[in-house]
Every structure is written in C-alpha cells, then in structure tokens.
Protein chains: 4
Amino acid sequence: MKPARRDVFGRPQGGWRLRFYTVIFESDTPAGLLFDKLLIVAILASVAVVLADSVGTLHAKYQAQFHALEWGFTLLFTVEYVARLSCVRHPLRYATSFFGIVDLLSILPTYVAVLFPEAQALIDVRILRLLRMFRVLKLTAYVWEYQAMGRALVASRRKILVFLSAVMMIVVIMGTVMYVVEGPENGFTSIPTAIYWAITTMTTVGFGDITPKTDIGRLVASFMMLVGWGTLAVPTGIVTAEMTARRMLDTPASRACGACGAAGHLPEAAYCLHCGAALGSAVAPREEAAP
Amino acid sequence: MKPARRDVFGRPQGGWRLRFYTVIFESDTPAGLLFDKLLIVAILASVAVVLADSVGTLHAKYQAQFHALEWGFTLLFTVEYVARLSCVRHPLRYATSFFGIVDLLSILPTYVAVLFPEAQALIDVRILRLLRMFRVLKLTAYVWEYQAMGRALVASRRKILVFLSAVMMIVVIMGTVMYVVEGPENGFTSIPTAIYWAITTMTTVGFGDITPKTDIGRLVASFMMLVGWGTLAVPTGIVTAEMTARRMLDTPASRACGACGAAGHLPEAAYCLHCGAALGSAVAPREEAAP
Amino acid sequence: MKPARRDVFGRPQGGWRLRFYTVIFESDTPAGLLFDKLLIVAILASVAVVLADSVGTLHAKYQAQFHALEWGFTLLFTVEYVARLSCVRHPLRYATSFFGIVDLLSILPTYVAVLFPEAQALIDVRILRLLRMFRVLKLTAYVWEYQAMGRALVASRRKILVFLSAVMMIVVIMGTVMYVVEGPENGFTSIPTAIYWAITTMTTVGFGDITPKTDIGRLVASFMMLVGWGTLAVPTGIVTAEMTARRMLDTPASRACGACGAAGHLPEAAYCLHCGAALGSAVAPREEAAP
Amino acid sequence: MKPARRDVFGRPQGGWRLRFYTVIFESDTPAGLLFDKLLIVAILASVAVVLADSVGTLHAKYQAQFHALEWGFTLLFTVEYVARLSCVRHPLRYATSFFGIVDLLSILPTYVAVLFPEAQALIDVRILRLLRMFRVLKLTAYVWEYQAMGRALVASRRKILVFLSAVMMIVVIMGTVMYVVEGPENGFTSIPTAIYWAITTMTTVGFGDITPKTDIGRLVASFMMLVGWGTLAVPTGIVTAEMTARRMLDTPASRACGACGAAGHLPEAAYCLHCGAALGSAVAPREEAAP
C-alpha cells in the first residue's frame, strides 16, 4: 500500500522554482524521470570511482583521472543540492531532513579532502544517495518498503533489545569463562578479546583467528556453537512441525456439510459445526498427506 | 499440480519423425523411457569424467581414456541434438529454448577444446542436462517444482531486490569503515577487499582470510556479526513466539460438549461434532498447553 | 500421540522366556525399569571408554584398564543380545531389525578387534544403543518422536531431494567457475576440491582452508555467500512480514457483533459477516499494534 | 501481559524497614527509581572496570585505580546486599533466591581475591546484576519477557532435548568416521577432537583450525555441512512455500459484494461488511496474487 505523497518541504507555487521542483523532486514528467535516471547513473559512477581509487594498482595508474572525475561529481552534486534548496519553500526543512544531510555529506568530503587528504575514504558515504535514487525513480514502492522495514524494526524494538541483551549476557559470561580456561597463551589475551571470540562463535561466523586449544575450552565452545546454531534450528523445526501438523489436519479429510455447505470439519466430526446436520461417514484420518 | 503438457516445439504428424519424437521428447513408451534412462546415465558419466579429469593424479594416469570417453560422449550428444532438431516441426524454437542452448553448450566445448585446450573446464556445464533429465524422466513433478521455484522467485523479486539492496548498502558502508579503521596493513587493502570481508562476516561464513586486529575493528565486526546472525535469529524467534501464543490460545479455547463430553471443537463451532447437541459458550483458556 | 505398542518380535506365552521378555523388552515392572536404567548406564560408560581410549595421553596411562572394561562391556552386551534372541518367538525378525543389527554391531567390533586392531574405532557405533535406551526407558514419547521425525523426513523426501539437487547444481557449476577463475595455484587444485569449497561457502561454514585470492573469484564468492545466507534470510523475512501483517489485521480492531457475538471483523467492516446486523462505528485502523 | 507483583520475600509492615524496602525493592517512588538508576550505573561501571582491567596495556597503566574502584564497588554492593537482607521479613528466602545468590557472588570474589589473586577473573560474574537491573528498573516487561522466555524453553524442553540428542548422535558418529578416515596426522588427534570438529561443521561455524585433507574426508564433511545448513534451509523453504500457497488461496477467494462491490471478505463471511447485503458463492481464485 503506497502512502499518499506528502508535501513536506513546501512545493512552490509557480515560476522557475516550480519547474525546477517538478524535475528534481517529482518524476511525473519525462524531464523529471530523465533527471532521476541521470542522477542514479551519476551516483553509481561516483561510487565506482571511489571503489576503484581505493585499489592500489588502479590508483597508481589512474589517480589523475579519478581525481578529475571526483571533482566533476562533486560539482554536479553541489549544483543539484543548491537547486534543491533553492526551489523548495522550506529549504531548512530539507537541509535538516535525512536526505538533505545525506546530500550535504556527499559533497563535503571532496571539499574537506582538499584540506585533509586522509578523509578521502569518507567519500563512499555517497552510497546513501542510493536511497534518494529509489525515491526519485518513482519506485515509491521501494521507499515505502524501506520505511515499512524501518517501522517494523522500531515496532519490534523491545523484543529485539531483550533478545540482544540476552545474547550479550551469554557472550560476556562465556567469553570470560574462556578467558579463564584458555588464557592469554592461547589467544584469549583479554576479556574483550574473549567476548569478541564468543560473538564470532555464537553467531556461527567462526573466523578462526582465535580458537580454543584446551579440552575444557573446546567443550565450552561446543556448547556455545550449539546454542548459536540451535537458536536458529530449534524454532525452525518447531514451527515446521506445527505447520505440518496443521496442514495434515486442514487438508485431507476436511469435508463440507451437505445441508449448509460449511467446510473445514475435522476428520472425526460426525455433525456439522454450523447447522448441526449429520455429516457423511467420518473418514479415518490418513497418516500422511501427499507432500 | 502438474500443468498440462504443452506442445511448444511442434510435434510432428507422423512418419519416422514422429517415431523419433515419441522416443526422444516423450516418455510414455518403453522406448522413450529407456532412452531417458540411458541419457541420464550418459550425462552423469560424462560429468564424472570431467570431474575425474580435473584431478591431477587421475589425469596423469588416465588422460588418454578420459579423452576418448569425452569424444564418445560428445558424439553421442551431438547425434541426440541433431535428432532433436530434425524431428520437431519448429527446430529453431528448440535451438533457441533453454534446453536447446544447454544442449548446444554441452557439445560445443569439446569441439572448441580441440582448438583451445584451456577451455576444457567449461565442459561441466553439461550438468545442465540434469534439468533435461528431470523432464525426460517424466518426473514432470520435478520440472513442475523447478518451474514453481522459479516462478516463486520471480514473483518475490521485488522483496528480494529490496532486501539485497539493503544488505549491499550495509556491507558497502561497513566495509569502508573497516577499511578506514583497520587499514591495508591489517589485510583490508582496498575498499572492494573490505566489502568482500564485510560480506563474509554478515553472511556468517567467516573464512578468516582477513580478520580485524584493532579493538574498534573488532567492535564493528561484532556489530556486523550480530546483524547478520540476528537477521536470521530475531524473526525466527518472533515467528515462534507468535505460533506458540496462537497455539496456546487455540487449543485451550477448544470446548467440550456438555452432552457427550467430546473435546477439540473449533472456536466457531456451534454444534458438537460428535453428537450434534448445541455447544455452550467458550471455556476460559488455560495458561499453558502441554507441549 | 503415542502409537499402540506393537508385538513385532513375538511375545512369548510363558515360562522363563516370558519372564525374560518382560524384563528386557518391557518396562512395566520394577525389574524391567531397573534393567533399562542399568543398560543405559552401561551404554554411556562403554561409549565414554571408547572416547577416552582415543585420547593419546589417556590411552598411554590406562590402556590396560580400558581394554578390560571394553571386554566387560562386550561380554555384558553379548549376554543381553543372546537373551533377547532367545526369549522372543521370532528371533530372526529381531536379528534383522534395526535394533537387532545395532546390537550385533555393538559387540562384533570387540571380537573383530582381537583379530584386527585398527578396527577398534568402530566400537563407538554402540551409541546407537541410545535409541534402544529411549525405547526401554518407556519414554516411548521419545521413540515416537524419532519415528515421527523419520516419517516427516520420508514424507517430505521429494521436496528435500529437489532442494538438494538445486543446491548441488549450483555448487558444481560455481565450483567449476572458481576452478577456472582461481586455478590450482590459489588452492583450487581440482574441480572436486572447488566443489568442496563451494559447499563450505554456500552452507556458510567457511573453513578458510581454501579462499579466493583474485578479485573475480571474490566476486563469485560474494555471490555464493549471499545465495547461501539469503536462502535462510529471505524466506524468514517474508514469513515474518506475513505474520506481522496478519497479526496487525487480526488483533487490534477486531470487533464482536452486538447481536450475535461473532468476532473477527475487519476494522472497516460495517455489517456483521454472520448475521448481517449493523456493527458499531468502524475504528480507523491503527498503524502499529503494540509489540 | 505483566503478571501481578508477588510478595515473595516478605514486605515489612512499617518503620525504617518499610522505607528501605520501598526504595530498594520497589520503584514506585522517586527515591526507589533513583536508587535503581544509580544501581544500574554502578553495575555497568563495575563491569567496565573488570573488562578494562583484563586488557594488558590498561592494566599496566591503571592497576591502582582499577583496584580502588573495585573495592569501592564491592563495598557499595555489600552495603546494598546487607540492606536487602535486613529489610525483608524472610531474609533467608532472599539469600537463597536467584538474585540473592547473584548478589552474594557479586561481592564474594573481591573478598576472595584478597586471599587468592588468581580468582580475580571471576569478578565479571557481576554482569548477573544486570538481571537485577531489569527488575529494579521497573521494566517488569523485561523481566516478564525473560521469565516468559524461560518458561517457553522449559515448556519445550522435551522437543529441544530430542532434537539435541539427534544432533549429538550425528556428530559423535560422523566425528568418529572422520577420526578413522583422516586420522591424527591430519589434525583429528582423538575422537573427542573429531567430535569438536563435527560440531563446528554441523553448526556451520567452521573455525578452520581442523580441516579434512583427504577426498573421502571432504566428502563426509560436505555431507555434514549440507545437513547442518539444510536443517535451517529446508524447513524455512517448506514453511515459506506453505505460507505462499495459503496466501494465494486466501486472498483470491476474497469475494466481492454483488450489491456494492466491496472486496476483501473472509471466506466464511455471509453478509457484506460494507452494505449488509447477502454475499453469493465464492469467486474462482486467481493464480497469482501480486507480491
């Protein structure tokens, strides 16, 4: 369900500002749609430039070209940012909105990089423009889905926090146990390190940079691995068992009443639950439904 | 539910072409079924030859035999391909269909390998003949299931793309953060490398070829691991909680008939399924149902 | 639901054979229950002996004691096996049943080990006696659950096979691609080795004994990792979204009809779906239900 | 659903003991709430001190300060413990309750550490005070959720035990097979070690400290990896297929009212929820619902 479009930043009344607004913020017109597509291409291209520039061999070969491209993109995005601010009626709302901050963060790094070269790695934050891309592509369904995902996360925040707090307690306690059992000579150099190991184990990532060497340590590790994997496997198994049981009740011998047509009777039902009329002979429940 | 068989490529009217068609494309007759089984054996055997030929020790011992077998299979599959093309009424449709392209790819490599030995590894693509196998084995249920799986994926493509785009954004941003925090001296030699590490971490694979060494890096890594594992664990836990809650609501409200004592009535049942007497109002639910 | 006890092997009529049968095969009597508990202790102890005997340091210290214990257990289980065979009416049925074969495998190794010392590792197969333990402990619920799990697996065998065949096709193709892209110099020494790597990656195990070194290889690896993890994450997310949506429909504004008491009306319903009477004013659906 | 507060330890009648009780055990008053918040800060701070003290570099720099802080926290928690014991009517019940034991364990280590310096690592067990924190923060919702989680685990204990016993049987058998196939020269030095490897593999953790080197070993490993991952993937896929099928059945059978055209009626609806007119028979289901 797409929510109705909300006029947050102040759609201008008319003039050149309205023409700019329809192209930049809206995608109803061919110009607006073209603008969006060009912007996506520009964003992906600028991200690719940052990615490529971080690879030593490519940086050695194409440093000048990457630098030029980066300045080109920055100027492009600066012009776009200024255009956005100037064509809405409430520019401050846009500048302080999520997308406004993202736009600003997208161009600041290049200007900062002129003065502080080591901050060049921050330029990739422009990937956040991808969010804008979904919006401008009129794939409001996408944006609606991100908003929906975000709202779902917020709505479940208490369950998530309780769950994570339980996980944190387990990894802190088990990590310290491993710190005591294995000790620094086996890689568990401090409790924070041991907790880091406990997280890699419970989340089943298992880097292997730190591993238990003692028998007790491996026993504790086995327990943690079974807890971490079991947290996924046991509920999945229970849910599947429930569903299979329910399916075997729902489908095979569910009969309809001859008198009133009501369906969904249990196999052993003899009278219609809706009108009381007698049902045909109860079918002996088959043990397995066809998969 | 098996879909009705569709005549896509043009079933011939009669003559030798019809006889070939019934054997090759259909499995209703003993000859057709035998053809299918022999074809499966030939496909599995040819794949095994490629597998074995790639093992250094086996290649050293049996190179000549593998080579001869490979030519034998190629000739066999070439004959089969030509037969398929010649007995349908629309050979071009077959040649451009998925299975037609797979058949062509299955025999081309050997001919190409005569000229370009380094392309010999492509021969395994004949495993795609396995798909054909399901079809010709009249296990149309299997083919129906692959088609069903494919349609399910296509139907959910928007959700999958939105989900994957969210994952990509996280790994790109977190990867670059690790690139900045850990740096090339700890293995994070470029942003693409760091993104590769972020993917191994978030998908809980955790190769361990690259691992964070700094405390901040391990903190970021812990966050990513909890997100990657939590994406599986949190929903599973929520769904299980819902199901358990629903089950505890459903079963206790199952009422017993006042007249005959039969239990297990659905909440909306108005008449006893056993004796037909009218049921009274629902009984108060018990707090926990037996697991 | 416990299935009724089935008399498979032939319950003897009377005499010493019946007394033996009630102790060994049944757990209704104190003697039968004691027999079962002693047997479990014996089985666990014998398994512990095998485990301990495999540890170099313990073997060096206690070899003689372990050897003596092992013979003790073998004699005990031999006596039990002979007793079982002799007290049923159809000993051959027992000998060829699952538990009969397990019992035989449990004692043969020790006799074989006298002649072939390298087969001593097979003794642990006695853990299969644990299955018998569940049975004799009258925890038929457990045995019922293993049987239920087994039947569930058999009932779903087609889905499992289709799923696994799809996984096998992916790992075979992707493994060979990595074999071509990375090559033996990066650890992918043969196609079977590459397929083994592909399985460790897709199942998110990620040993790290073989890892991609080239950029294209890491790209293919990233794809495989996302497929392997996504196969778990995407459906989980979809199911959770469905459940959450359904819960938000079911719970908040579900109203009961004042006239007939029927519940479960959608928020925007104006007339009772059961009797047609007018419902109270439709509540505007709240956007988020309390978690 | 919050359970009503239970007076377990004996709420005092009056006097200074009642005043202490309301501050320490209850959070209805500003003093009680402030007490709780100060206690949480103290607990988190004391845990942070233990964490920091375990890091070699920090210990070298701040050992004296950490020691002083630790004594401060111990004295604080000792005072709190004594206060709790003295203001309830049944101090022994509190001392033997979960939280009472946790409180005692939280202060004992420091006193013990004076006499036994190597036990200093046990001080982190004060994280268990975090549980108390949830309680005293009047976030009884949290405590209710932990209790609910605990009760859910206890209620499902049979299923969990059956499941885990099946997993243990697989890892013990497969571990011993690998011990025989790979042998001590490849890292599988004993059966317990091999079982530890089997657990890391089946839980998809995959540390990589021990890996199979032989072809048969890798084949067995591949089987175990597919079982471990498949236990998560196969049920998830089946459940998703069920839900998708059900959704495709549920939504299309939603009927439209002949009189007013309103859609979205439940299958069992007899009257239009919008206009009250009688509904006709169900419309034929469409093949795919929009995702």
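Parameters at a glance
- Residues numbered from 1 in each chain as written.
- Chains lettered and ligands numbered in written order.
- Predicted model: local features only at pLDDT ≥ 70, side-chain atom pairs only at ≥ 80, totals over all residues.
- Heavy atoms only, no water.
- Helix = DSSP H or I, 4+ residues; strand = E, 2+ residues; numbered from the N terminus.
- Salt bridge = Lys/Arg side-chain N within 4 Å of Asp/Glu carboxyl O.
- Buried < 20%, exposed > 50% of the residue type's maximum accessible area, 1.4 Å probe, protein only.
- Core = buried A, V, L, I, M, F, W, Y, C linked by side-chain atoms within 4.5 Å.
- Contact = heavy atoms within 4.5 Å.
- Axes fitted to C-alpha atoms, helices over the stretch in contact; angles between N-to-C directions.
- Parallel < 35°, antiparallel > 145°, perpendicular 65-115°, else oblique.
- Left-handed = near helix turned anticlockwise from the far one by under 90°.
- Phe/Tyr/Trp six-rings, centres within 6.5 Å; stacked < 30°, edge-to-face > 60°.
- Expected span 1.5 Å × (residues − 1).
- pLDDT = per-residue confidence, 0-100.

**Here's the deal with the environment of Pro184(D)**
With respect to the helices, strands and loops of the structure, Pro184(D) is situated in the loop between helix 8 (157-181) and helix 9 (191-202). Measuring from C-alpha to C-alpha, the distance between Pro184(D) and Trp197(D) comes to 13 Å, with 13 residues separating the pair along the chain.

**So, the pattern of salt bridges**
Residue and element names in this part refer to chain A. Applying the stated criterion across every chain, the model contains four salt bridges over all chains. Between Arg84 and Glu80 there is a salt bridge whose closest N-O contact spans 2.7 Å. Separated by four residues within a single helix, Arg84 and Glu80 lie in helix 3 (residues 56-87), roughly one turn from each other. According to the relative accessible area criterion, Arg84 is buried, its value standing at 0%.

**Quick look at the nonpolar core**
Within the largest apolar cluster, 124 residues are counted, with the highest numbers of intra-cluster contacts made by Trp197(A), Trp197(B), Trp197(C) and Trp197(D). Apart from the residues lying within four places of it in its own chain, the contact partners of Trp197(B) are Phe207(A), Met178(B), Phe188(B), Ile210(B), Thr211(B), Pro212(B), Ala221(B) and Met224(B).

**Some remarks on unusual backbone geometry**
Residue and element names in this part refer to chain B. The phi dihedral of Thr204 falls on the positive side, at around 60°, and the residue is not glycine. Inspection of the secondary structure assignment puts Thr204 in the loop between helix 9 (191-202) and helix 10 (215-250). Look at Thr204 and you get buried, because its relative accessible area is 2%.

**What about the packing of helix 8 of chain D against helix 9 of chain D?**
Residues and elements named next belong to chain D. It is the contact of helix 8 with helix 9, at a shortest axis distance of 8 Å, that shows an interaxial angle of 120°. It follows that helix 8 is oblique to helix 9 by the angle criterion. Here the hand of the crossing between helix 8 and helix 9 comes out right-handed. For the pair helix 8 and helix 9, the contacting residues are Val167, Ile170, Val171, Val172, Gly175, Thr176, Met178 and Tyr179 in the first and Ile191, Ala194, Ile195, Trp197, Ala198, Ile199 and Met202 in the second.

**Concerning the packing of aromatic side chains**
One pass over the full model with this rule turns up 28 aromatic pairs over all chains. Between Phe163(A) and Trp229(B), the aromatic rings sit 5.9 Å apart at their centres with planes inclined by 20°, giving stacked as the arrangement. Of this pair, Phe163(A) sits in helix 8 (residues 157-181) while Trp229(B) sits in helix 10, placing the two residues on different chains. Trp229(B) carries the same exposure label as Phe163(A), and that label is buried. Arranged with centres 5.1 Å apart and planes meeting at 85°, the rings of Phe9(C) and Tyr94(C) form a pair that is edge-to-face. Of the two residues, Phe9(C) is situated in the segment before helix 1 (15-24) and Tyr94(C) in helix 4 (residues 91-96); the sequence distance between them amounts to 85 residues. Classification of Phe9(C) by relative accessible area gives buried; the value is 12%. Ring pairing ties together the aromatic residues Phe188(A), Trp197(A) and Phe207(D), which thus form one cluster.

**Structural notes on helix 8 (residues 157-181) of chain C**
Owing to its 3.6 residues per turn, the α-helix brings residues three or four apart onto one side. Its 25 residues give helix 8 of chain C an end-to-end C-alpha distance of 35 Å, which sits within 8% of 36 Å, the value for a rise of 1.5 Å per residue. Among the residues trailing helix 8 of chain C, Gly183(C) stands out with phi positive, at a value near 85°.

**Things to note about the confidence of the model for chain A**
Residues and elements named next belong to chain A. Residues of chain A with pLDDT of at least 70 account for 67%, and the chain-wide mean is 73. At the level of individual helices and strands, chain A shows its lowest average pLDDT in helix 6 (residues 129-136), which scores 33, and its highest in helix 9 (residues 191-202), which scores 92. Every residue in residues 123-143 scores below 50 in pLDDT, and together they form 69 contacts with partners more than four places removed in sequence or on other chains. Residue range residues 281-291 is modelled with pLDDT below 50. Its contacts to residues more than four positions away, or to other chains, number 19 contacts. Confidence metrics for the complex model read pTM 0.77 and ipTM 0.72.

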